[in-house]
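# Structural description and commentary
Given next are the chains, with one letter for each unit.
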Amino acid sequence: MPNIQSDYDLPDELMAFVDSGFLEVKWEKPAEKTIRFHIPAMVTTDGRGRFVLFEIEWIHPAFNSQFCSYYDQVRGDLPNFNVIKFVEDRGDELLDIDTPDDLIPWLSEVADRVPPNN
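Because the structure is predicted, anything quoted here is derived from the model rather than measured. Along each chain, residue indices are assigned from 1 in the same order as the chain's sequence is written. It should be noted that, the model being predicted, local features are given only for residues of pLDDT at least 70 and side-chain atom pairs only at 80 or more, the latter also being counted only at that level, while totals for whole chains, interfaces and linings use all residues. As a rule here, side-chain values cover all heavy atoms of the structure and leave hydrogens and water aside.

Moving on, we come to a negative patch on the surface. Patch definition: residues above 30% relative accessible area lacking any salt bridge, with like charges linked at up to 9 Å and the nonpolar side chains Val, Leu, Ile, Met, Phe, Trp and Tyr linked at up to 5 Å. Areas reported here follow the Shrake-Rupley algorithm with a probe of radius 1.4 Å; residue values treat only the protein chains shown as occluding. Just to be clear on terms, a salt bridge is a Lys or Arg side-chain nitrogen sitting within 4 Å of an Asp or Glu carboxyl oxygen. Residues counted as positive are Lys and Arg, residues counted as negative are Asp and Glu, and His and the chain ends are not counted. Charge positions come from single atoms, namely NZ of Lys, CZ of Arg, CG of Asp or CD of Glu. Residues Asp12, Glu13, Asp96, Asp98, Asp101 and Asp102 make up a contiguous surface patch of negative charge. Here a strand is any run of E in DSSP of at least two residues, a helix any run of H or I of at least four, and the numbering for each starts at the N terminus. Those elements that provide at least two residues to the negative patch are helix 2 (12–19) and helix 4 (100–113). Under the scheme applied here, a residue whose accessible area is under 20% of the maximum for its type counts as buried, over 50% as exposed, and between as partly exposed, the area being computed with a 1.4 Å probe on protein chains only. What makes Asp96 exposed here is its relative accessible area of 68%.

Below, the structure is given as structure tokens:
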């Protein structure tokens with residue numbers, strides 16, 4: 001079985017969310033050193049009844065410039081991950097979370113707000 005932590009250079013703090021089940025692997029693209037996580041506890045509906053869900057797309061940091069989908073001026077100049085909010089009938093919106101040092105507290109805050117057994 002592959003080791004996603006080493007395969008994608010996931011920080012220990014992020015891996016803890018995977019190990020706890022808060023993040024689930026949605027898909028992997030090993031050839032692009034990219035993995036996408038789904039956050040099942042955050043699936044909800046908005047005031048209009050549209051499904052809302054959140055995902056994290058992570059690219060191994062050493063390969064960000066090769067496989068990133070978004071960049072400012074040159075490939076790889078933005079973080080090696082995206083936090084994606086999907087709203088049915090609206091599509092994807094990237095959340096403004098720029099570093100793993102921002103991502104981990106955001107995940108912790110969200111996990112603390114989710115009711116147990118959700």
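This next bit is on the side chain of Arg50. Mapping Arg50 onto the fold places it in the loop between strand 3 (44–45) and strand 4 (51–59). By definition in these notes, contact holds between two residues if any of their heavy atoms fall within 4.5 Å. Dropping the residues within four chain positions of it, Arg50 is found in contact with Thr44, Thr45, Val87, Glu88, Asp89 and Arg90.

For the structure shown, the criterion picks out 6 salt bridges. Across the pair Glu55 and Arg36 runs a salt bridge whose closest N-O atoms are separated by 2.7 Å. One end of the pair, Glu55, is in strand 4; the other, Arg36, is in strand 2 (residues 34–38), and 19 residues separate them in sequence. When sorted by exposure, Glu55 lands in the same class as Arg36, which is buried. A salt bridge links Glu57 to Arg36, with the shortest nitrogen-to-oxygen separation between them at 2.5 Å. In this pair, Glu57 is assigned in strand 4 and Arg36 in strand 2, connecting sequence segments 21 residues apart. Comparing Glu57 with Arg36 shows no difference in burial state: the two are buried.

On to the environment of Met15, then. Within the element layout of this structure, Met15 appears in helix 2. Residues Met15 and Val74 lie 59 residues apart in sequence; the distance between their C-alpha atoms is 29 Å. Once you skip the residues sitting within four places of it in the chain, Met15 turns out to touch Ile4, Gln5 and Leu10.

It is worth spelling out helix 4 at this point. Between its terminal C-alpha atoms helix 4 stretches 20 Å, which fits the 20 Å expected from 14 residues at 1.5 Å a residue. When helix 4 is considered as a whole, its buried residues turn out to be Leu103, Ile104, Trp106, Leu107 and Val110. Relative to the axis of helix 4, the buried residues are bounded by an arc of 165 degrees and lie together on one face. Pointing more than 90 degrees away from the buried face of helix 4 are the exposed residues Asp101, Asp112 and Arg113. How far a helix is expected to stretch is found by multiplying one less than its residue total by 1.5 Å. What the arc measures is the spread of directions leading from the helix axis to the C-beta atoms.

Here we come to the environment of His38. Tracing the sequence through the fold places His38 in strand 2. A sequence separation of 19 residues divides His38 from Glu57, and the C-alpha atoms of the two residues are 8.9 Å apart. Those residues in contact with His38 that lie beyond four places of it in its chain are Phe22, Leu23, Glu24, Lys26, Val43, Leu53, Phe54 and Glu55.

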